[in-house]
Amino acid sequence: MIRMSTGLAVLAICAAGAAAAQDATAQLKARQGQFRILAINLGILGDMAQGKTEYDAEAAQAAADSLVGVSMVNQAPLWPEGSSEMDIDNTRAKAEIWDNFDDFASKWGALGEAAASMQTVAGNGAEALGPAMGGLGGACKACHDTYRAPQS
Amino acid sequence: MRRLIGVVVLAGVALAGAGWLLTAPKPLPEGSLDGATGDAERGQLVFTAAGCASCHHAPDAEGEARLVLSGGQRFASAFGTFLAPNISPDPAQGIGDWSLDDFASAVKRGVSPEGQHLYPAFPYTAYARMEDGDLVDLWAYMQTLPASDTPSQPHEVGFPFNIRRGVGAWKMLYASPDWVMTEAESPQLERGRYLVEALAHCGECHTPRDALGGLDRSAWLTGAPNPNGRGTIPGLTPDKLSWGADEIAYYLSSGFTPEYDSAGGHMVEVVENFAALPDEDRAAVAAYIKALPEGGHLD
């Protein structure tokens, strides 16, 4: 016969676990949302660079400014302990992020540098966008190489 | 009764003998390519397309350091974990003391200079389709790379897979130098086929394997579980991938998908290699991918 106190203790641990998972849900939405904002603005610039859409200096500048804006979001609150793919579902964040948080943060910084480079040339015509897109792609890939798990 | 036992023993010996012969390593005949001189500049393109550095550079090496082929990266599989060896031109720890024939036997037939089978974690079943001219150029380029004195690490493979002779039986089943896409109707498709099926060995990750670890050629490039751990490698056939040829070519140069997601994992180094190749090569690969049939049934 399970004692009442034991049962309550088990319930409390489950609730705490559920609470921890719920806490991370907000951070997951936030950090996955920031990548979607990046993707949308990369798309605006990339399509112009490839000639799929007509070059528009104002739209290009706005997109580049947005990339810089996202790169300035402080990352630490979005990546709490216990929110890796080993701990919870619905994320591809590898546990290595927390083993190497300084390196992870520096790769986010490199994204900011690549975004700033794009920001300086976005108003100069479609040809200038190509090399700057390359810099951005390199920054994205550098982090995904090490810190994002494959699709399931 | 004794006669029966004698016959059975004799048959057993004959079968073992046949098995021994059939699984023997078959290097290139002596002197096949020796004397051929290669062009190191063309060899660099072969090296890039074949992705040698991607597996043989030291773990976590970045940039120029990836040209130091000291080995050490780990490749997990159902048969154990393989550790890439040192293939720098170091004569003691690398392959600096190999002849061109030694190199060709290893790359195209999976046979070491000591006459042993190499494990097919090294994709020699794809490289078997490499043109001899490309191989000679590749060898010339590899002589120009920095030497590394890092010793090669042993594979972590348990019994019975640590018996290399067994790979001979595996080769009988799976080592076919035939093209998977038998009909390539244009020079562009031929080039795409050569890059995909031979040099860039895309099938090694993007094609499912059977229980013995051989590629299922009837489901060519339809996707597979990640050989290095969790997750899946996507399929490239029209039922699995709806991208246009220009989108495939752009992805191979930039890592950006049509939705501007960015490549990750092993594909990052693949994209970096493809980005260094000429535009026509990426377009050829894209044309090949678009020519794949639904479901991967090419034969």
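The model shown is predicted, which means the values in this text are computed figures rather than measured ones. (Residues numbered from 1 in each chain as written. Chains lettered and ligands numbered in written order. Predicted model: local features only at pLDDT ≥ 70, side-chain atom pairs only at ≥ 80, totals over all residues. Heavy atoms only, no water.)

Draft legend 1. Structural view of the overall build of chain B. What chain B contains, in helices and strands, is twelve helices and four strands. Against the globule reference of 19 Å for 299 residues, chain B gives a C-alpha radius of gyration of 20 Å, in line with a compact fold. Its C-alpha atoms give chain B principal-axis dimensions of about 75 × 45 × 35 Å. Counting the 299 residues in chain B, one finds 46% classified as buried. Contacts in chain B between residues far apart in sequence, at least 24 positions, make up 63% of those at least 6 positions apart. Per element, the accessible surface of chain B, about 14,600 Å² overall, is 59% carbon and sulfur. Separation between the mean location of the 20 positive side-chain charges and that of the 38 negative ones in chain B comes to 12 Å. (Helix = DSSP H or I, 4+ residues; strand = E, 2+ residues; numbered from the N terminus. Rg over C-alpha atoms; globule rule 2.2 N^0.38 Å. Buried < 20%, exposed > 50% of the residue type's maximum accessible area, 1.4 Å probe, protein only. Contact = heavy atoms within 4.5 Å. Areas by Shrake-Rupley, 256 points an atom, 1.4 Å probe, with all protein chains shown as cover. Lys, Arg positive; Asp, Glu negative; His and termini not counted. Charge placed at Lys NZ, Arg CZ, Asp CG, Glu CD.)

Draft legend 2. Representation of the packing of aromatic side chains in the model. This model, assessed by the stated rule, comprises 13 aromatic pairs over all chains. Between the aromatic rings of Phe 35 of chain A and Trp 108 of chain A, the centroid separation amounts to 6.2 Å while the plane-to-plane angle is 75°, which identifies the pairing as edge-to-face. With Phe 35 of chain A in helix H1 (residues 4-49) and Trp 108 of chain A in helix H4 (residues 101-121), this residue pair connects regions lying 73 residues apart in the sequence. Three or more aromatic residues joined by ring pairs make a cluster, and in this case those are Trp 79, Phe 101, Phe 104 and Tyr 147 of chain A. The side chain of Arg 165 of chain B reaches across the aromatic face of Trp 20 of chain B, ending 3.6 Å from its centre. (Phe/Tyr/Trp six-rings, centres within 6.5 Å; stacked < 30°, edge-to-face > 60°. Lys NZ or Arg CZ within 6 Å of the ring centre and 35° of its normal.)

Draft legend 3. The nonpolar core, seen in detail. Among the nonpolar cores identified, the biggest contains 55 residues, and Phe 47, Met 130, Met 142, Leu 221, Tyr 288, Ile 289 and Leu 292 of chain B are the most heavily contacted of them. Secondary structure elements with two or more residues in this core: helix H2 (40-50), helix H3 (52-56), helix H4 (100-109), helix H6 (132-143), helix H8 (187-199), helix H10 (245-254), helix H11 (267-275) and helix H12 (279-290) of chain B. Ignoring any residue separated from it by four or fewer positions in sequence, one finds Leu 292 of chain B in contact with Met 181, Trp 220, Leu 221, Leu 236, Thr 237, Pro 238 and Leu 298 of chain B. Counting residues in each nonpolar core, the second largest holds 26 residues, with Leu 45, Met 48 and Leu 67 of chain A together with Tyr 250 of chain B among its members. (Core = buried A, V, L, I, M, F, W, Y, C linked by side-chain atoms within 4.5 Å.)

Draft legend 4. Looking closely at the pairing of strand E1 (residues 74-77) of chain B. Residues and elements named next belong to chain B. Bridge count for E1 against strand E2 (residues 80-83) is four bridges, and the pairing is antiparallel. Within E2, the position partnered with Ala 76 by the bridge is Thr 81. Adjacent in sequence and paired antiparallel, E1 and E2 are bridged by two residues. (Pairing = 2+ DSSP bridges.)

Draft legend 5. Structural detail: the pattern of salt bridges. Overall, the coordinates contain twelve salt bridges over all chains when judged by the stated rule. The partner of Lys 52 of chain A in a salt bridge is Glu 247 of chain B, and the shortest N-O contact between them spans 3.8 Å. Taken together, the residues Lys 52 of chain A in the loop between H1 and helix H2 (57-71) and Glu 247 of chain B in helix H10 connect one chain to another. Judged by relative accessible area, Glu 247 of chain B falls into the partly exposed class, the value being 22%. A salt bridge links Arg 74 of chain B to Glu 156 of chain B; the nearest nitrogen and oxygen atoms lie 2.6 Å apart. (Salt bridge = Lys/Arg side-chain N within 4 Å of Asp/Glu carboxyl O.)

Draft legend 6. How the structure looks around the packing of H2 of chain A against H4 of chain A. Residues and elements named next belong to chain A. Two elements in contact, H2 and H4, have axes whose closest approach is 9 Å; the angle formed by their N-to-C orientations is 160°. In terms of their interaxial angle, H2 and H4 are classed as roughly antiparallel. Where H2 crosses over H4, the two elements pack in a sense that is left-handed. Each of Gln 61, Ala 64, Asp 65, Leu 67, Val 68, Val 70 and Ser 71 in H2 lies in contact with H4, whose residues at this interface are Trp 108, Gly 112, Ala 115, Ala 116, Met 118 and Gln 119. (Axes fitted to C-alpha atoms, helices over the stretch in contact; angles between N-to-C directions. Parallel < 35°, antiparallel > 145°, perpendicular 65-115°, else oblique. Left-handed = near helix turned anticlockwise from the far one by under 90°.)

Draft legend 7. Highlighting the side chain of Asn 86 of chain B. Residue and element names in this part refer to chain B. Take Asn 86: it is sitting in the loop between E2 and H4. A polar atom in the side chain of Asn 86 sits 2.9 Å from the backbone oxygen of Ser 148. Engagement of the side chain of Asn 86 in a polar contact is seen with the backbone oxygen of Thr 150, the distance being 2.8 Å. Not counting the four nearest positions on each side in its chain, Asn 86 is found in contact with Leu 69, Ser 70, Gly 71, Gln 93, Gly 94, Ile 95, Ser 148, Asp 149, Thr 150 and Ser 152. (Polar contact = N/O pair within 3.5 Å; in protein donor to acceptor, adjacent residues only side chain to side chain.)

Draft legend 8. Highlighting the interface of chain A and chain B. With 21 residues of chain A at the contact, the number on the chain B side is 23 residues. A buried area of about 1,700 Å², summed over both sides, lies between chain A and chain B, and 50% of it is on carbon and sulfur atoms. When the buried surface of chain A facing chain B is broken down by residue, Gln 50, Lys 141 and Asp 145 of chain A rank first, second and third, together holding 32% of it. On the surface where chain A and chain B come into contact, there are two salt bridges. Close ionic contact of Asp 261 of chain B with Arg 148 of chain A constitutes a salt bridge, the shortest N to O distance being 3.0 Å. (Buried area = accessible area lost by both parts, 1.4 Å probe.)

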